[in-house]
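Observations on the model geometry
The primary structure of each chain is shown beneath.
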Amino acid sequence: MNTYYRFFVATLLRMTKKRSFMSKVRTRFGPSPTGFLHIGGLRTVLFDFLFTKSQGGKLILRIEDTDQKREVEGAAEKLIDILSWVGIKFDEGLDIGGKYGPYIQSQRLDIYKKHIEELLKLNGAYQCFCTPERLTKMREDQQKKKLPPKYDRACRDLSEDEVNKKIKAGEKFVIRQKLPLEGEIKVYDKLKGEIKFKAKDLDDHVLIKSSGIPTYQFANVVDDHEMEITHVLRGDEWIASFPKNILLYEAFGWKPPKFIHLPLVLDKNGGKLSKRQGDVAVEYFREKGYLPEALINFCALLGWHPKNDDEILNMDRLTKEFNIKGMGISPAIFDTEKLDYLNGYYIRQKSLDELVELCKPYLKKNIKKSKEYLRKVIALEQERLKKLSEIGELTEFFFVDKLEYPDEMLAWKKLTVSAAKKNLKTVYELLEKIPEKNWTNDSIEDALMSYLKAKELKVGEYLWPMRVALTGRKASPGPFDVAEVLGKEESLKRIKI
Ligand code: GLU
């Protein structure tokens, strides 16, 4: 083999190795079916997606429905719908399939059962028979003594005989994780580095409820292991569970995935982002007329920034440029003004035809107007539109037969209502002379402006009343543009008051 050929083969081998190593990355998004997708959940799944793509890995969708109190009919379908609307694609999971299924936790109960039995044998967990009444009393006592709420471990050292007797007698029980009583637990987060927890602060939390259903803490770890998840990206609110999760992996003798806790998202005042569905559901933002492009761009900047600090990044660019090095640990601020700004930007990027389609649901009955008319009306608003839902209100005056507004609105600075009406008469006479076929904003502007200039009249004293007469509003697109869209006949009808 000559040197050149050997070099070629070696490079090829290196490349294949690298690729097979890279493709082993497996991440998952594990939403609970609560009926809506929290904007924080969108941020998590986006980071899951971008991180996974940057590693050439696979992203899995797993529905975590062990908390049946929170479950809502049809929620899984709703989740799939909203995730596909924002443009997040999964490689495996509910609705797609894959060899690690089922991808919905309520269908995996036998898997959890098998594993909890194993954990009990490994002495990593124990049955707890404490009644809800006893636990309430215990908590009240702790509160009185100003102690943190924590299970007092009354059942931790029951003998096997005692346990069996209680089970035979039909006593209800939960299964708790047996955590170390002393020492320090060191865990490692890819962003925050090493984090230390004191064993004495940890609570022997519940892994299996008395109904036999696992908690998030158990199902999540079992599934991540079973599904060969290599990287867990989740919100910072889970950091308190982190040492317990790692100890659970250790108790089983499993290798834990790598963890990346995404920074908290705070509201503008530095408070916790509302949990109320109406404010934070992605579905709510969709209804309000936010574009998926804007939401994706916005969420990507909640905890990550590109090298050059650009603000405008669509999914294509994000996929190319995302790098874990750009992720930070300080809390991100949810700034709706920034979201509006981004939304306005993406609205302006739409072709007029696309925008007309997007606006249709918000135009209600006015949708019946001709496509050509709708195009003209919407074109005038494209520049300043921030949310699609505003289009109905902003353009209403284009569709009404009779405008309603108070006479006083015609007055402008020192110009009185009656003087404004007189000026409108002049405007009427000037516009009337423009032939129908020349009715464009330019010719309307020419006709008016050359007259006002020649007579040295104040422009505002004519254009203000003209705007009000045409739109019934104080703010609108320019009066020449509005007049062109309304057409000669309708414009003159409105100006003649
Ligand atoms: N089911 C959890 C949630 O809805 C998932 C948390 C995680 O990703 O581990 O927040």
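Figured I'd write up the structure that's included with this text. Note that the structure is a prediction, hence the values are computed from the model and not measured.

1. Brief notes about the overall build of the protein chain
- What the protein chain contains, in helices and strands, is 21 helices and 12 strands.
- Scaling as 2.2 N^0.38, a compact globule of 497 residues should have a C-alpha radius of gyration of about 23 Å, whereas the protein chain reaches 32 Å, well beyond that.
- In terms of its C-alpha atoms, the protein chain occupies a principal-axis envelope of roughly 105 × 80 × 35 Å.
- Out of the 497 residues belonging to the protein chain, those deemed buried represent 47%.
- Counting contacts in the protein chain only where the partners sit at least 6 residues apart, residues at least 24 apart contribute 74% of the total.
- Of the roughly 26,800 Å² of accessible surface on the protein chain, 52% is carried by carbon and sulfur atoms.
- Measuring between centres, the 89 positive side-chain charges of the protein chain sit 3 Å from its 75 negative side-chain charges.

2. Quick word on the sheet that holds strand S8 (residues 206-208)
- Read from one edge of the open sheet, three strands run S4-S5-S8, paired in antiparallel fashion. Single-partner strands in this sheet number two, and they are strand S4 (125-128) and S8. The sheet shows a mean angle of 45° between the axes of neighbouring strands, taken without regard to direction.
- Inspection of the sheet shows S4 paired to strand S5 (residues 174-177) by four bridges, in the antiparallel sense. Bridge pairing in S5 links Ala125 to Gln177.

3. Section: the side chain of Arg467
- Structurally, the position occupied by Arg467 is in helix H19 (residues 460-471).
- A polar atom in the side chain of Arg467 sits 2.7 Å from the side chain of Ser476.
- From its side chain, Arg467 meets the backbone oxygen of Pro477 in a polar contact 3.5 Å long.
- Excluding residues that lie within four positions of it along the chain, Arg467 makes contacts with Gly472, Arg473, Lys474, Ala475, Ser476, Pro477 and Pro479.

4. Brief notes about the environment of Lys365
- Tracing the backbone shows Lys365 in the loop between helix H14 (352-363) and helix H15 (371-381).
- By relative accessible area, Lys365 is classed as exposed at 57%.
- Along the sequence, Lys365 and Ile497 sit 132 residues apart, while their C-alpha atoms lie 27 Å from each other.

5. Description of the site of the ligand
- With respect to spatial proximity, the complete set of residues near the ligand consists of Arg28, Gly30, Ser32, Glu64, Tyr216, Asn220, Arg234 and Trp238.
- One of the backbone N or O atoms of Gly30 is found 2.7 Å from a nitrogen atom in the ligand.
- Measuring from a nitrogen atom of the ligand, one finds a side-chain N or O atom of Ser32 at 3.3 Å.
- Look at the ligand: alone it shows 300 Å² of surface, and the protein chains cover 81% of it.
- Partitioned by chemical class, the residues of the shell around the ligand number two nonpolar, three polar and three charged.

6. Some details on the pairing of strand S2 (residues 58-61)
- Across four bridges, strand S1 (residues 26-29) lies against S2 in parallel orientation. Each bridged residue has a counterpart across the sheet, and for Phe29 the counterpart in S2 is Leu61.
- Note that the unit made of S1, helix H2 (residues 39-54) and S2 has a crossover that is right-handed.
- Pairing between S2 and strand S3 (residues 92-93): two bridges, direction parallel. Residue pairing in the sheet places Leu61 in a bridge with Gly93 of S3.

7. Remarks on helix H8 (residues 242-252)
- A large share of H8 lies buried, amounting to nine of its 11 residues.
- What H8 keeps buried is the set Phe242, Pro243, Lys244, Asn245, Ile246, Leu247, Leu248, Tyr249 and Phe252.
- Residue Gly253 follows H8 closely and has a positive phi angle near 80°.

8. Section: the pattern of salt bridges
- Across all of its chains, the model carries 34 salt bridges by this definition.
- Close ionic contact of Glu337 with Lys268 constitutes a salt bridge, the shortest N to O distance being 3.7 Å. Taken together, the residues span a long stretch of sequence, with Glu337 in helix H13 (residues 336-349) and Lys268 in the loop between strand S11 (265-266) and helix H9 (277-280) at a distance of 69 residues. Here Glu337 matches Lys268 in class, with each residue exposed.
- Residues Lys350 and Glu293 are paired through a salt bridge, measuring 2.6 Å at the closest nitrogen-oxygen approach. With Lys350 in the loop between H13 and H14 and Glu293 in helix H11 (residues 292-300), the pair connects residues that are 57 residues apart, well separated along the chain.
- Owing to a relative accessible area of 16%, Lys350 belongs among the buried residues under this scheme.
- Three or more residues are tied together by salt bridges with common partners; here these are Arg28, Arg62, Glu64, Arg108, Asp223 and Asp224.

9. Examining the nonpolar core
- Counting residues in each nonpolar core, the largest one holds 135 residues, and the members touching the most others are Ile39, Leu42, Ile88, Phe218, Phe398, Leu431 and Met466.
- Per-element accounting of this core gives the leading share, eight residues, to H2.
- Other than its neighbours up to four places away in sequence, Phe398 contacts Tyr373, Val377, Leu380, Val482, Val485, Leu486 and Arg494.
- Ranked by size, the runner-up nonpolar core spans 10 residues in total, among them Tyr126, Cys130, Leu135 and Met138.

10. Side note on the packing of aromatic side chains
- Considering all chains together, one arrives at 15 aromatic pairs under this definition.
- For the ring pair Phe298 and Phe334, a centre distance of 4.9 Å and an interplane angle of 90° mean the geometry is edge-to-face. Taken as a pair, Phe298 in helix H11 and Phe334 in the loop between strand S12 (332-333) and H13 lie far apart in primary sequence, 36 residues in all.
- Between Tyr345 and Tyr346 the ring centres are 5.0 Å apart and the planes differ by 85°, which places this aromatic pair in the edge-to-face class.
- Linked through ring pairs, Tyr284, Phe285, Tyr290, Phe298 and Phe334 together constitute an aromatic cluster.
- Stacked on the ring of Tyr151, the Lys or Arg Arg176 has its end atom at 3.7 Å from the ring centre.
- Just above the ring of Trp85 sits the side chain of Arg286; from NZ or CZ to the centre is 5.4 Å.

11. Describing helix H3 (residues 75-86)
- Taking 1.5 Å per residue as the helical rise, H3 with its 12 residues ought to reach 16 Å, and the 17 Å between its terminal C-alpha atoms agrees with that figure.
- If you check which residues of H3 are buried, you get Ala75, Ala76, Leu79, Ile82, Leu83 and Val86. One face of H3 carries all of its buried residues, which in axial projection span an arc of 130°. Of the residues in H3, the exposed ones pointing more than 90 degrees away from the buried face are Glu77 and Ser84.
- Those residues of H3 that are buried are in contact with S1, H2, S2, helix H10 (282-288) and H11.
- The first or second residue beyond H3 is Gly87, which carries a positive phi of 90°.

So, how was this worked out
Residues numbered from 1 in each chain as written. Predicted model: local features only at pLDDT ≥ 70, side-chain atom pairs only at ≥ 80, totals over all residues. Heavy atoms only, no water. Helix = DSSP H or I, 4+ residues; strand = E, 2+ residues; numbered from the N terminus. Rg over C-alpha atoms; globule rule 2.2 N^0.38 Å. Buried < 20%, exposed > 50% of the residue type's maximum accessible area, 1.4 Å probe, protein only. Contact = heavy atoms within 4.5 Å. Areas by Shrake-Rupley, 256 points an atom, 1.4 Å probe, with all protein chains shown as cover. Lys, Arg positive; Asp, Glu negative; His and termini not counted. Charge placed at Lys NZ, Arg CZ, Asp CG, Glu CD. Pairing = 2+ DSSP bridges. Axes fitted to C-alpha atoms, helices over the stretch in contact; angles between N-to-C directions. Polar contact = N/O pair within 3.5 Å; in protein donor to acceptor, adjacent residues only side chain to side chain. Near = heavy atom within 4 Å. Nonpolar A, V, L, I, M, F, W, Y, C, P; charged D, E, K, R; others polar. Right-handed = clockwise from strand over helix to strand, strands pointing away. Salt bridge = Lys/Arg side-chain N within 4 Å of Asp/Glu carboxyl O. Core = buried A, V, L, I, M, F, W, Y, C linked by side-chain atoms within 4.5 Å. Phe/Tyr/Trp six-rings, centres within 6.5 Å; stacked < 30°, edge-to-face > 60°. Lys NZ or Arg CZ within 6 Å of the ring centre and 35° of its normal. Expected span 1.5 Å × (residues − 1). Arc of directions from axis to C-beta.

So yeah, pure geometry; function would need other evidence.
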